[in-house]
Each structure stands twice: as structure tokens, then as C-alpha cells.
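Report on the structure
Listed below are the residues making up each chain.
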Amino acid sequence: MEKRLFGKTGKYVTEIGLGTWQLGTVWGKPFNREEAMRILAAADEAGINFIDTADVYNGGESEKAIGDYMAEHPDRFYVTTKCGRQLKPHTAEMYTPEAVAGFIQESLKRLKRERLDMILLHCPPTPVFARDDIFAELDRQKKAGNIADYGVSIEKTSEGLQALDYDISAMEVIFNMFRLKPLDELFPAAAAKNVGIIARVPLASGILTGKFTKETTFGEKDHRSFNREGASFDKGETFSGVPYDLGIDCAEELKKIFGTDKLAPIAIRWILMHPEVSVVIPGASRAEQLQNNICAAELAPLSKAQMEAVQILYDTRLRQIIHSQW
Ligand SMILES: NC(=O)c1ccc[n+]([C@@H]2O[C@H](COP(=O)([O-])OP(=O)(O)OC[C@H]3O[C@@H](n4cnc5c(N)ncnc54)[C@H](OP(=O)(O)O)[C@@H]3O)[C@@H](O)[C@H]2O)c1
């Protein structure tokens, strides 16, 4: 698989990585370690060398599974993890240098590493993006050798622009055919500072696979049921913030534009058409999904007409409700 430079880390990462929020789980079901290990092995066999995780995914089990896999297969993956979401309440006041230092130690243990490749602040409250003490702690952790690099995961592009005042190496942001705002200001500003971009929620939580209909139902513990209006976390994380029925209508339009019902590889290919993106991280609840998603790496570049058709769909159906929110 093609590799891209990951910002100022100087590392080359595969343009498709693996998201592990749902590693080995169907939302709301217990963690399935065997399926998690199967997905990690499938990623490894497919040549993927980038994994995105977080301390809170599956209550720490995602990090532990990655740590166990890497204990057996060292140096296979560059691992980006995240911290902050353990704080309760999740407020700016709860962010302290000591808390961040503690989270790094915990992730080191779960991932069984002496140094984290990359740690991101996990969508903290907006004021944290201007907190000198937190970024100074990340600098200290880097000098101490506990982390190689650090960065931020963001909800709003304005937060990303603020974080560029600090020495971040990477930024994780929602970017997909339903979320075009990062192209305006954020990507050019990040590129100017050589900050790597991780594109998350590439399939708009599955809508951009083309597999859902307006009749599809989701389990009550699935965020696609309970977080549509942001009851638990930012609603932009669920279906990329697009109202469900509108998302289905747009996916149907995309099927016509691309002449296929199988949209997942196309949705990923669309993201890869943007050179500012270092790596795109589709999540997979089963190994077969991962195998389907990496087909995107083999697809020919999308045509100018196809790219324009996606832009028109966004401008006519989504821009008005999405663009100003994130
Ligand atoms: N705040 C943050 O920093 C943050 C927030 C969200 C996500 N993330 C990261 O970004 C990654 C990706 O985001 P995401 O998982 O929320 O959204 P996503 O990648 O847009 O969608 C993933 C979901 O789509 C379905 N899917 C994936 N591939 C498929 C395929 N080939 N065919 C059919 N269905 C397929 C699966 O759902 P079902 O099988 O259940 O239908 C899967 O759980 C996460 O794993 C996580 O690492 C970070």
C-alpha cells in the first residue's frame, strides 16, 4: 500500500490505517478479544502500518489488544493513542499537567511500550486548545522520552487552527464526503506547519458504505441510536452530524454518481484524493470490513467530474446545515 509522510514526525504511514473505537465489538456488546486479534492480524497482513486508538476505547481493551499483538509482532504498527476522555466531568478545569502525565503512563502500560509513538488530546473542551500548561507538559513528556510526538483530535476547525500555535505534529479531524469544511482553512494552515492529518469517521459511521436504508435500526447502546442529537458526545461524531434520513438520501445520490451500491472504497478513495491527508482510519467491527475498505488503495483516482459531483451534492444538500457547525 502507498505510504504518505506523517507530518513532522518524519515517519511514513500507510494511506489507509485502522480505527479501533469498535475493535472487536458490535456497539453495546461485550469486547470480543478473538475478533479484535483477528482484525489486527488482518490489518497486519494487508500491510497497514497505522493504528488509531484511545485509552477509553472498549474501556482500555483496544489498547491492551494492540499491546498484546505488538508484543508478538514488534514494530508492525505506528500507534496513535488519545487521552483526556477519562476525566469526569469532562471539563477544561479537569485538564491538568498531572492528569495528562498519568494518562501517558497508563497508555504505556496497556500498549506495553517504553515510548508512545503519538498521543493526541482527545477532543477536549475548546479552552484546552489554548492551555500553555497542557502543551508544556506534552513537551516535557517528549523530552523525557515517554512520547515521540503529540497532537490533537478536534471537533471544530477553529480548535485545530488554535492548536497550530503549539508544536503539534498531527491533527485528527472528521473529513469525508459529508464534511468538507477542513478544506477551507484548516488543511492549508496545517500543511504550512507540516502537521500530519488523520481523517476520521471516513464512512460517516457507515452511511457512506451505502448499506443502510431509512428503515435500518440500531441497538439502543449503539451511538447511532442514542447520540444523533449529541446526548453523550458531540453529535458530529455520529453520522458526521448529518441528519440520518438526509444522509441516506445523499448516499443514494452517490450510488447514482458512481454507478455502484458499494460505496465504502469510493468514500475512502475520495478522501485520499486530498494530498493534505496523511492517513484515513476507517473503523471496522469485523475483519471482512477492513478487507473491503483497503480495496480503496487499489482504486483508480476519481475523475474531475466525479469530484465535482460530490462537491455539488455537498453544496446543494449539506453545506447549509453542516458548514457552520464544525
Ligand atoms: N474523537 C475522536 O478522536 C474520534 C471519534 C470517532 C472516531 N474516531 C476514530 O476514527 C475511527 C473511524 O471512525 P468511526 O468508526 O466512528 O466511523 P467510520 O469509520 O465512518 O464507520 C465505521 C463503521 O462503519 C461500518 N463499516 C466499516 N467498514 C465497512 C464496510 N466495508 N462495509 C460495511 N460497513 C462497514 C462499521 O459499522 P457496523 O458494522 O457496526 O455497521 C464500522 O463500525 C474510529 O474507529 C476511531 O479510531 C476518533
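Below you will find a few notes about this structure.

Another aspect to go through is the site of the ligand. In the vicinity of the ligand lie 30 residues, with Gln 22, Asp 52, Ser 153, Leu 203 and Lys 211 positioned nearest. In the environment of the ligand, an oxygen atom lies 2.7 Å from a nitrogen or oxygen atom belonging to the side chain of Ser 153. One of the side-chain nitrogen or oxygen atoms of Lys 211 is found 2.7 Å away from an oxygen atom of the ligand. Protein contact buries 93% of the 900 Å² of open area that the ligand shows by itself. Here the shell around the ligand gets 3 residues from one element, more than from any other, and that element is helix 10 (residues 287-293). Among the residues forming the shell around the ligand, the class breakdown is 10 nonpolar, 13 polar and 7 charged.

What follows covers the pairing of strand 9 (residues 196-200). Counted residue by residue, strand 9 has 5 buried out of 5 residues, so it is predominantly covered. Residues Gly 196, Ile 198 and Arg 200 line one face of strand 9 and the alternating positions Ile 197 and Ala 199 line the opposite face, and both faces are buried. Relative to strand 9, strand 8 (residues 170-174) runs parallel, the two being bridged by 5 bridges. Across the sheet, the residue bridging to Ile 174 is Arg 200, located in strand 9. With respect to chirality, the unit in which strand 8 leads through helix 6 (residues 186-192) into the neighbouring parallel strand 9 is right-handed.

What follows is about helix 4 (residues 132-143). With 12 residues, helix 4 extends 16 Å from end C-alpha to end C-alpha; this agrees with the ideal 16 Å at 1.5 Å per step. When helix 4 is considered as a whole, its buried residues turn out to be Ile 134, Phe 135, Glu 137, Leu 138 and Gln 141. Along the axis of helix 4, the buried residues cluster in a sector spanning 150°; they form a single face. Exposed and oriented more than 90 degrees from the buried face of helix 4 are Asp 132 and Lys 143.

Attention now moves to the packing of helix 2 (residues 61-72) against helix 3 (residues 97-111). With their axes 7 Å apart at the nearest point, helix 2 and helix 3 run at an angle of 50° to one another. With respect to helix 3, the axis of helix 2 lies oblique. The segment helix 2 lies against helix 3, with Glu 63, Lys 64, Ile 66 and Gly 67 engaging Ser 107, Arg 110 and Leu 111.

Close approach of charged atoms lets side chains of opposite charge pair. Inspection of every chain in the model, using the stated rule, returns 24 salt bridges. Between Glu 172 and Lys 82 there is a salt bridge; the shortest N-O distance is 3.8 Å. Within this pair, whereas Glu 172 is found in strand 8, its partner Lys 82 is found in strand 5 (residues 78-83), the two being separated by 90 residues in sequence. Across the pair Asp 117 and Arg 113 runs a salt bridge, and its minimum N-O distance is 3.4 Å. A network of salt bridges, in which partner residues are shared, links Arg 33, Asp 68 and Lys 112.

Basis of the calculations
Within each chain, residues carry numbers counting from 1 in the order of the written sequence. In view of the model being predicted, local features appear only for residues whose pLDDT reaches at least 70, and side-chain atom pairs are presented and counted only at 80 or more, with totals across whole chains, interfaces and linings using the full set of residues. Hydrogens and water molecules were not included; the side-chain quantities draw on all heavy atoms of the structure. Definition of nearness: a residue and a molecule or strand are near each other if at least one heavy atom of the residue lies within 4 Å of the molecule or strand. Polar contact criterion, stated in full: a pair of N or O atoms within 3.5 Å, where within protein one must be able to donate a hydrogen and the other to accept it, and residues adjacent in sequence count only if both atoms are side-chain atoms. All accessible areas in this document rest on Shrake-Rupley with a 1.4 Å probe, and a residue is counted as covered only by the protein chains that are shown. Only DSSP runs of H or I with at least four residues qualify as helices, and only runs of E with at least two residues qualify as strands; both kinds are numbered from the N terminus onward. Under the convention adopted here, Pro, Cys and the residues Ala, Val, Leu, Ile, Met, Phe, Trp and Tyr are nonpolar, Asp, Glu, Lys and Arg are charged, and Gly plus all remaining residues are polar. Burial here depends on accessible area, computed with a 1.4 Å probe over protein chains only, as a share of the maximum for the residue type. Under 20% is buried, over 50% is exposed, and the range in between is partly exposed. Note on pairing: DSSP must find at least two bridges between two strands before they are called paired. A right-handed crossover is one whose linking path, passing over the helix from the first strand to the second, runs clockwise when the strands point away from the viewer. Expected span of a helix: the number of residues minus one, times 1.5 Å. Throughout, the arc means that of the directions going from the helix axis to the C-beta atoms. Axes, fitted as lines to C-alpha atoms, cover a helix only where it is in contact. Angles between the N-to-C directions of the axes lie from 0 to 180 degrees. Angles below 35 degrees are treated as roughly parallel, those above 145 as roughly antiparallel, those between 65 and 115 as roughly perpendicular, and all remaining angles as oblique. By the convention used here, residues are in contact when the closest approach between their heavy atoms is within 4.5 Å. Within this document, salt bridges are pairs made up of a side-chain nitrogen of Lys or Arg and a carboxyl oxygen of Asp or Glu, the two lying within 4 Å of each other.

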